[in-house]
Amino acid sequence: MAPDLDELLRSLRVWDLDPLPSFDPATAPDDPLDLFTTWFAQAVAAGQPEPHTMSLATADEQGLPDVRTVMLHGADAAHGWSFASHAGSRKGRHLAARPYAALGFYWPAQARQIRVRGRVTTAPPEEAQADLHARSTGALAAALTGRQSEPLDSLDELARASDAAWARAERAPHTPAPTWTLYRLRPEEAEFFQGDARRRHVRLVYRRDGDRWTRTLLWP
């Protein structure tokens, strides 16, 4: 018998922390990247599992949304937030048709969320390959397996392709993956959410205004 979903949901607590971290938006830096970097470091220190994973939302040619979890590859003032995938994957096709996306980070260890959205561009191919080859052998093997988002006939077929890709990655660790693409999201808006036990959540949103940022508080 399947478990009772409603009962399971009612049994769960949110942010079972005592106390929750505080956040005074008056002390927030002028640039959202600086606040992101601080919060990211605090999430790591708090033991948040995989804080570098994030939700990536895109839209297809008809404007229908899609979302998945990907890994953050970096963030800097020049390029914004970076992630990677095959150009022919579903997300790659979406971004080719509609080069805008949104990112979502959720760090329950600190009752924090960060949302970022903006235009997406692609890095030069040589930078994408350098980014790939700086990662693990497994990451290269996965990239060399290729065919992301294409129909798969069987798990045996996947195993054979993966084994061959692992052997190639170990034998030639600088093998290029031509369709591997490094994407960069330049933020137009970034929101920082700090949870509160009495539901007085603090929401601070940054919006780009030319070369500077404006900051606004939002009702929770």
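Residues numbered from 1 in each chain as written. Predicted model: local features only at pLDDT ≥ 70, side-chain atom pairs only at ≥ 80, totals over all residues. Heavy atoms only, no water.

A.B. asks: With reference to specific residues and values, describe a nonpolar patch on the surface.
C.D. replies: There is a patch of nonpolar side chains on the surface, built from Leu5, Leu8, Leu9 and Leu12 and spanning about 420 Å² of accessible area. For leucine 12, the location among the structural elements is in the loop between α1 (5–11) and α2 (32–45). (Patch = residues over 30% accessible without salt bridge, like charges linked within 9 Å, V, L, I, M, F, W, Y side chains within 5 Å. Areas by Shrake-Rupley, 256 points an atom, 1.4 Å probe, with all protein chains shown as cover. Salt bridge = Lys/Arg side-chain N within 4 Å of Asp/Glu carboxyl O. Helix = DSSP H or I, 4+ residues; strand = E, 2+ residues; numbered from the N terminus.)

A.B. asks: Explain α2 residue by residue, including any values.
C.D. replies: Under the 1.5 Å per step criterion, the end-to-end length of α2 is 20 Å for 14 residues, consistent within 8% with the ideal 20 Å. Looking only at α2, the buried set comprises Pro32, Leu33, Leu35, Phe36, Trp39 and Ala43. Within α2, the buried residues cover an arc of 155° as seen down the axis, which keeps them to one side. Its side-chain oxygen at 2.8 Å from the backbone nitrogen of leucine 33, aspartate 31 defines the N-terminal cap of α2. Count one or two residues on from α2 and you reach glycine 47, which has phi positive near 85°. (Expected span 1.5 Å × (residues − 1). Buried < 20%, exposed > 50% of the residue type's maximum accessible area, 1.4 Å probe, protein only. Arc of directions from axis to C-beta. Polar contact = N/O pair within 3.5 Å; in protein donor to acceptor, adjacent residues only side chain to side chain.)

A.B. asks: So what about the pairing of strand β9 (residues 212–218)? Which residues, and what values?
C.D. replies: The pairing of strand β8 (residues 202–209) with β9 spans 7 bridges and is antiparallel. Within the sheet, the bridge partner assigned to leucine 204 lies in β9 and is leucine 217. Taking the residues between adjacent antiparallel strands as the criterion, β8 and β9 are bridged by 2 residues, where glycine 210 takes a positive phi near 70°. (Pairing = 2+ DSSP bridges.)

A.B. asks: I'd like to hear about the side chain of glutamate 191, residue by residue, with values.
C.D. replies: Among the secondary structure elements, glutamate 191 is positioned in strand β7 (residues 180–194). Ignoring anything within four residues of it in the chain, the contact list for glutamate 191 reads Gln113, Ile114, Arg115, Arg203, Leu204, Val205 and Leu218. (Contact = heavy atoms within 4.5 Å.)

A.B. asks: I'd love a proper account of the environment of aspartate 209, names of residues and values included.
C.D. replies: With respect to the element layout, aspartate 209 can be found in strand β8. In the structure, aspartate 209 is positioned 20 residues away from glutamate 189 in sequence and 9.8 Å away in space, judged by C-alpha atoms.

A.B. asks: Describe the pattern of salt bridges, with residues and values.
C.D. replies: Following the criterion strictly, the structure yields 10 salt bridges and no others. Taking the shortest distance from any N to any O, the salt bridge between glutamate 191 and arginine 115 comes out at 2.9 Å. Of this pair, glutamate 191 sits in strand β7 while arginine 115 sits in strand β6 (residues 112–122), and the two are 76 residues apart along the sequence. For the salt bridge of arginine 147 with glutamate 157, the shortest nitrogen-to-oxygen distance reads 3.4 Å. Separated by 10 residues along the polypeptide, arginine 147 in the loop between α5 (137–145) and α6 (155–171) and glutamate 157 in helix α6 bring together distant segments of the chain. With a relative accessible area of 21%, glutamate 157 lands in the partly exposed category.

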